[in-house]
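# Structural characterization, general
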Amino acid sequence: MKYVYYPGCSLKSSGKPYEESLLEVFKKAGVEVEELGGWNCCGATAYMSVDESDAMALAGRNLALAEKEHPEGRIEMIAPCNACYLVLMKAKKQIEERAHLGAAVQDAFSRAGMTYRGEVTIRHPLDVLVNDVGLDRIKELCTRPLKGLKVACYYGCQIVRPYATFDDQFNPMTMDNLLRAAGAETVEWTSMKARCCGGTLTGTIDSAGQRLSYIILKEARRLQADVVATACPLCQFNLECYQGSMRKRFDDDLEMPSLFFSQLLGHAMGIKRRKLGLQDMLVSPRKALKACEA
Amino acid sequence: MSETATAPAATGAGTYEPRIVAFFCNWCTYTASDLAGVSRLTYAPNTRIIRFMCSGRIDPQFILTALRQGADGVLIGGCHPGDCHYSTGNYRALRRFKLLKKLLAQMGLEPERVRLEWIAASEGDRLQEVTNEMAEQLRRLGPPNLEAIPAPGPGEELPGEVQELEKTEA
Amino acid sequence: MKSLEIERRIKYESEVNPDFGKEIASMTGGEDLYSCIQCGTCSSTCPVSIYMHYTPRRVIALTRAGFEDEVLTHNTIWLCASCYACTVDCPKEIRITDVMYALKRKAIERGAYPRRFPVPALAKEFYNSVHRSGRSNEIHTVTKTFLKTNPLKLFKNAAMGIKLLLRGRLQIREEKMEGAPAEVRELLDAVRQKRKGLEQEAAKTV
Amino acid sequence: MDTSNNGNKPGQERAKVGVYVCACGLNIASKVHIDEVREFAGTLPSVGVARDYKFMCSDPGQELIINDIKEHGLNRIVVASCSPLLHEHTFRKACEDAGLNPYHFQMANIREHVSWVTEDMELATEKAKSLVAAAVERVAFHYALEKKRVDINGNVLVVGGGIAGITAALNLANAGKQVYLVERQPSIGGHMAQFDKTFPTLDCAACILTPKMSEVKNHPNITMWTMSEVENVSGYVGNFTAKVKHYPRYIKEDSCVGCNDCIDACVFKNGKWENEFDAGLSLRKPVYMPFPQATPSTVLIDPEACLYLMKGKCKQTCVDACERDAIDFTQQVTYDEVEVGTVVLSTGFKSFDPKRMPEYAYGRLDNVHTSLEIERLVNSTGPSGGEVVLKNGEKPKSVGIIHCVGSRDKRHNPYCSSVCCMASLKLAHLIKERTGAQVYNFYIDMRTPGKGYEEFYDKLLGEGVHFIRGRVAEVTDWAMTPEEEGKLVIRAEDTMIGMARRIPVDMVVLAVALEPQPDHEDIRRTFNISCSKEGWFLERHPKLAPVSTFSDGIYLAGACQGPKDIPATVAQAGAAAGEALALISRGYMEIEPNTAWIDPDLCSGCKTCLPQCPYTAITRNEDKGVAEINPVLCKGCGTCVGACPSGAAQQHLFTDDQVYTEIEGILSHV
């Protein structure tokens, strides 16, 4: 199966390790991806706060681009960032359901030499790996299982809310199943899995935002997790990069490696650290991963 | 104003309001139409309802006559499959309806002009939906081509064919 | 200890905007605004309601009652992190997150948002950055936001920023999309114009 | 063949029609120009008199008709007012009183079908005119008919043995009628038997219910069948035949005295299977007594649990223990067929399964219970002997009661279950009384309409029960503060204060919604009645016929028609019994003489109609070579008429002439 790959802005900067590791894992798992040419920002939450048409057209443009590249048949587009994943899905829904918006978008697209056929399905890597590749295949590929590694799987909000497309809204399991297949042990923390990490508030209203991230990390530590696994660049950024300021703010010696699930999976598949961007983390996972190799 | 599509509101006199003649069974759809009234659900203003005990009583000739007499469309309403007050009348209605659709096509009449719907006593809102939908559709079609409809009288092929169909019943 | 200064609190009908509720209800997600029964599920499931001037439930009540200023000038709508917990938990299936978006747009449209408050500023900076380059750039957006709102924050986060830079996880240079971002801008303008037109027509026919 | 009933054929006399347009106060007049319709009617050729009046259904309204018939010699009447389903009989009666055959009447429905559903007054008026025109043209083709009567069999079938069925059965039996009471469970009593106290009086449920249960058991006029279901019903009002299926209980009911020796003797020393009656809070053996006051007080054997019935191998210690040889492993499913004239449906409700709302942690965290489970806990005959205790056996120090679980929720049940507020208040009182715990009620709106209900609420406010107005978002075991450790934490907004709160408690009670029985569809079909969207059985009229259904002779009692508390249920059961009795004591019921007949001169004997009839009322007279319809068997659907290719088959009140003229009439105008 061939997929169109929509990285989104973060995977080109703070989320670089996500992209590096994900593409490596895809290669191993035989998931063929081709980056969407000329893609643009999805608009995230900001655009929707400023202008609706702009937000929907901006996101929609990426869908139309994909359809231009592949004029025939259905298209599967992988969006690894939770925010992109939801925004693209929302744009699709809006354009198809809101009469005027839809008409306006169609009109503008056609004048820009594009048409929107609604043939794109937006997929999240977790969905693709579990449902297209399959856990059995993943197991086979994991030549260096994460034995004894205790992982707290953190899914974030926007892949299960408001639309629960491929996982349970209240107690998502795909990441747990994936990392269990990779030999890891995952913690039971239903009420944390999709609890808000603070989103952009961690930077803007840090007192409120960072508290939300802190709650998640603290709970992971209480459950004796060695590492938190994430599926979204913003979640990962919040849960890792702000640990320094959290230590001061909450007077806590908290130190919890927070990785992308793809980095752990890649590690289990025997892929070199460098290729997984593990050396680029602010909170080093070395100790945790050493432990599970021994 | 909201973008979400809303049912066509009854527009004032003057604009083309298609006439729908509705044949409803006493137990389900006629009761539903009363419920629509009690619930004050306004719908296509030119829907005119004729009551039968059962949709099984409806003779295809009634439908053709209605069209010939100036109805733009005919709506048949009966109980959901399995719910017929007389156990099987609605199935009979369905068989005749299917045949009639074929004939209409042969006559060069748009089959959308005749519609059959199962509407239960509790589904007043469904009635509103269906009639509004149908009115909208008929508005687009415009009045029917009356020449296409054969005049009544002896030697009509229709009842004969119905008869064949009825006979195929074991 | 809160100050004990007394404050006169009463709302006169002349001060409310009777159309505000309808206005919001007509925007995406607002459809079911009037089916709210004030049960408070949104406010208790919301992870940030504890920091809000008004809980989401009260924002809905205020909106319906036409208390436009209270809704648009206080921090509630800007604290919403779009986690959609309220939307999926609402027993009346009101899309509260989208109502918040609608209110944010109104606030920006009316220039009513709290000026030195970083969230709307960030939104606008992000918007501009993408408008410029077709992509967003973390450093630029964040820097500009704080310069406008609270420059001290910049130094607070400097250490982290440098660490990320060293690891190649931050781009100083603005990452541009292939092709001309101008195309995107033109596209968006076209859509906005067209949609406005359609809506005005529709409004006329009713 | 049914010629006797053809009366004077159309055309034999010139029709002189009286048309009466009803304003129905403003119900019609506000949307239809009454005078315009009246004037229009006056212009129609066959119309002799055209009037309008405020309320045609009132006595003066009917007097108008009667006088005009006498003075102006009218021979046809048309009333344009509400639905014929509401007032056709009223006006037919008026015609009759004036000496006119009641079937010389036709109604035009200009309220339900015009004024209540049309926005534009001009369009409404035009539509009303066309309906009147149609009625006037049609009625000319009406002809005199004789009334049709069916006798009513005095026996009654009551389906469901909860408090509703029990009440209805006793009322009917005490009036001397033979009643068949069919209950699916091994004992009658229903939900009420599971309760400890009843609100608002707090009198003991068992004390008031048990006597009624044994009264049913011992009543000479009641045949009580437990572990039984109605498999199918045939026939019509007055003469139903019901096939009742009896499941084996593997105990001879007449021999067992309920000594329970077999239970003690069972090879299983301890209970192993969930006791349904205790909502799964206690365990029972394969052979068991449903509950102490079970009626009949007869044990039963669970074929899914009993070793002998499953594997054919067991010491059968129970058999040895039974001195009366009541145990009979050879029992099979058996059937009974009963003839009844009327039916009372009292099949009750099912309570909502909170597993469908994972946020409340039911089945995931300990000490989260449904209200029904708590009813068993506070019940002295329950699993804990009336003690409210946690899983670890200790008494809870704090309890949270969550209202509206599965109610007022578009994702589950949009309606209010109406009993939960009072039931929760009752449980709050009992829990506080038994444990002294702090009790918190989380509610959206406190609904206490009903005699003595608000007073009960006042009482609880005085008892120091906490009330937090806010719907609970989550029940979690995840602690944020030391005092929350090891507790169930309830998160809600206290909407009165406008602040989010986290309340740690030891036990959570979920006041679950009332839902229609899962098999309501099958029941509905068996008895040929309608359901509301939610699946509650549909009454004939929400106000004026709340216990009747659209099928004559079938009545509703209790929660099967919608959520109800005990007082309302008992009242409705009494009403249902009353309706049935009214019909029985009259002895007969008039039904529409709308049977079909066949004109032998036109019938080609093609047999098309024969397979059409669901009642095999049509036969072919081989000598005459024509079809004939037996008017006694014919139920008047007219399906054969719709199929007849030669127009030989006709249906009274729906002849081809009548229908064609109605179609023409409805379209001739406008």
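What counts and what doesn't
Residues numbered from 1 in each chain as written. Chains lettered and ligands numbered in written order. Predicted model: local features only at pLDDT ≥ 70, side-chain atom pairs only at ≥ 80, totals over all residues. Heavy atoms only, no water. Helix = DSSP H or I, 4+ residues; strand = E, 2+ residues; numbered from the N terminus. Buried < 20%, exposed > 50% of the residue type's maximum accessible area, 1.4 Å probe, protein only. Axes fitted to C-alpha atoms, helices over the stretch in contact; angles between N-to-C directions. Parallel < 35°, antiparallel > 145°, perpendicular 65-115°, else oblique. Left-handed = near helix turned anticlockwise from the far one by under 90°. Contact = heavy atoms within 4.5 Å. Nonpolar A, V, L, I, M, F, W, Y, C, P; charged D, E, K, R; others polar. Buried area = accessible area lost by both parts, 1.4 Å probe. Salt bridge = Lys/Arg side-chain N within 4 Å of Asp/Glu carboxyl O. Polar contact = N/O pair within 3.5 Å; in protein donor to acceptor, adjacent residues only side chain to side chain. Expected span 1.5 Å × (residues − 1). Pairing = 2+ DSSP bridges. Right-handed = clockwise from strand over helix to strand, strands pointing away. pLDDT = per-residue confidence, 0-100. Disulfide = S-S within 2.5 Å.

## Remarks on the overall build of chain C
Of regular secondary structure, chain C possesses 11 helices and zero strands. Along its sequence from the N terminus, chain C presents helices and strands in the succession α-α-α-α-α-α-α-α-α-α-α. Dimensions of chain C along its principal axes, counting C-alpha atoms only, are 60 × 55 × 35 Å. Considering chain C as a whole, with its 206 residues, one finds that 54% of them fall into the buried category.

## Comments concerning the packing of helix 6 (residues 125-133) of chain A against helix 8 (residues 174-181) of chain A
If you want to describe how two helices pack, look at the angle between their axes and the distance between the axes. Residues and elements named next belong to chain A. Direction vectors running N to C along helix 6 and helix 8 enclose 55°, while the axes themselves pass 10 Å from each other. In this view, helix 6 runs oblique relative to helix 8, as classed from their interaxial angle. As helix 6 packs across helix 8, the resulting crossing turns out to be left-handed. Facing helix 6, whose interface residues are L126, L129 and V130, helix 8 presents T174, M175 and L178. The residue inventory of the contact of helix 6 with helix 8, partitioned by class, reads five nonpolar, one polar and no charged.

## Here we look at the interface of chain A and chain C
Counting from both sides, the interface comprises 67 residues of chain A and, opposite them, 61 residues of chain C. Buried surface at the junction of chain A and chain C, both sides included, amounts to about 5,600 Å², of which 63% is carbon and sulfur. Applying the counting criterion to the chain A and chain C interface returns seven salt bridges. Across the pair R98 of chain A and E31 of chain C runs a salt bridge whose closest N-O atoms are separated by 2.9 Å. If you look at where chain A meets chain C, you find 21 residue pairs in polar contact (both at pLDDT 80 or more). Contributing elements (two or more residues each) for the side of chain A that touches chain C: helix 1 (16-29), helix 2 (44-50), helix 3 (52-69), helix 4 (82-97), helix 5 (99-111), helix 10 (201-204), helix 11 (206-222) and helix 12 (233-241) of chain A. No other element matches helix 5 of chain A, which puts nine residues into the side of chain A that touches chain C. Class assignment for the residues of the side of chain A that touches chain C results in 31 nonpolar, 21 polar and 15 charged.

## Here we look at helix 4 of chain A
If you check helix 4 of chain A, its first and last C-alpha atoms are 22 Å apart, about what 16 residues at 1.5 Å a residue would give, namely 22 Å. Most of helix 4 of chain A sits inside the fold, with 13 of its 16 residues counted as buried.

## Structural notes on the packing of helix 6 (residues 163-174) of chain D against helix 15 (residues 566-586) of chain D
All names here are of chain D. Running from N to C, helix 6 and helix 15 point in directions that differ by 40°, and their axes come no closer than 8 Å. As helix 6 runs across helix 15, the sense of the crossing is right-handed. Residues I163, A164, T167, A168, N171 and L172 of helix 6 pack against T569, V570, A573, G574, A577, A580 and L581 of helix 15. Of the residues assigned to the contact of helix 6 with helix 15, the class counts are nine nonpolar, four polar and no charged.

## What to know about the pairing of strand 2 (residues 47-53) of chain D
Within a regular beta strand, the side chains point alternately toward one face of the sheet and then the other, so they alternate between its two faces. Residues and elements named next belong to chain D. Two strands pair when backbone bridges link them, and strand 1 (residues 17-22) and strand 2 are joined in this way by six bridges, in the parallel orientation. Looking at the pairing, V21 lines up with D52 of strand 2. Each parallel crossover has a hand, and for strand 1 linked through helix 1 (residues 34-43) to strand 2 it is right-handed.

## Regarding the sheet that holds strand 6 (residues 156-159) of chain D
What holds strands together in a sheet is hydrogen bonding between their backbones, with the strands either parallel or antiparallel. Residues and elements named next belong to chain D. The strand order across the open sheet built from five strands is 10-7-6-18-29, with neighbouring strands paired in parallel fashion. Only two strands of the sheet have a single partner each, and these edge strands are strand 10 (222-225) and strand 29 (554-556). Along the sheet, successive strands turn relative to each other by an average axial angle of 15°, direction set aside. Where strand 18 (residues 342-345) meets strand 29, three bridges bridge the pair, whose relative direction is parallel. Opposite V343, over in strand 29, you have I554 as the bridge partner. Packed onto the sheet, helix 14 (residues 520-527) meets strand 6, strand 18 and strand 29 and runs at close to 165° relative to strand 18.

## A look at the confidence of the model for chain D
Residues and elements named next belong to chain D. Looking at chain D, pLDDT values average 94 and 98% of them are 70 or higher. Segment residues 1-9 is flagged for pLDDT under 50; beyond a separation of four residues in sequence, or across chains, it makes 23 contacts in the model. Quick note on the complex model: pTM equals 0.86, ipTM equals 0.84.

## Describing the state of the cysteines
Residues and elements named next belong to chain B. Throughout the structure, instances matching the rule amount to two disulfides over all chains. The disulfide bridge from C28 ends at C79, spanning 2.4 Å between sulfur atoms. Taking the sign of the S-S torsion, 105° for the link of C28 and C79, the bridge is right-handed. Residue C28 is located in the loop between strand 1 (20-25) and helix 1 (29-38), and its partner C79 is located in the loop between strand 3 (73-78) and helix 3 (89-107); the two are separated by 51 residues in the primary sequence.

## So, the interface of chain A and chain D
Chain A puts eight residues into the contact, and the matching count from chain D is seven residues. Here chain A meets chain D over a buried area of about 680 Å², counting both sides, of which 63% is carbon and sulfur. Our enumeration of links across chain A and chain D arrives at zero salt bridges. Across the chain A-chain D interface, the total number found is one residue pair in polar contact (both at pLDDT 80 or more). Classifying every residue of the side of chain A that touches chain D by side-chain character gives three nonpolar, two polar and three charged.

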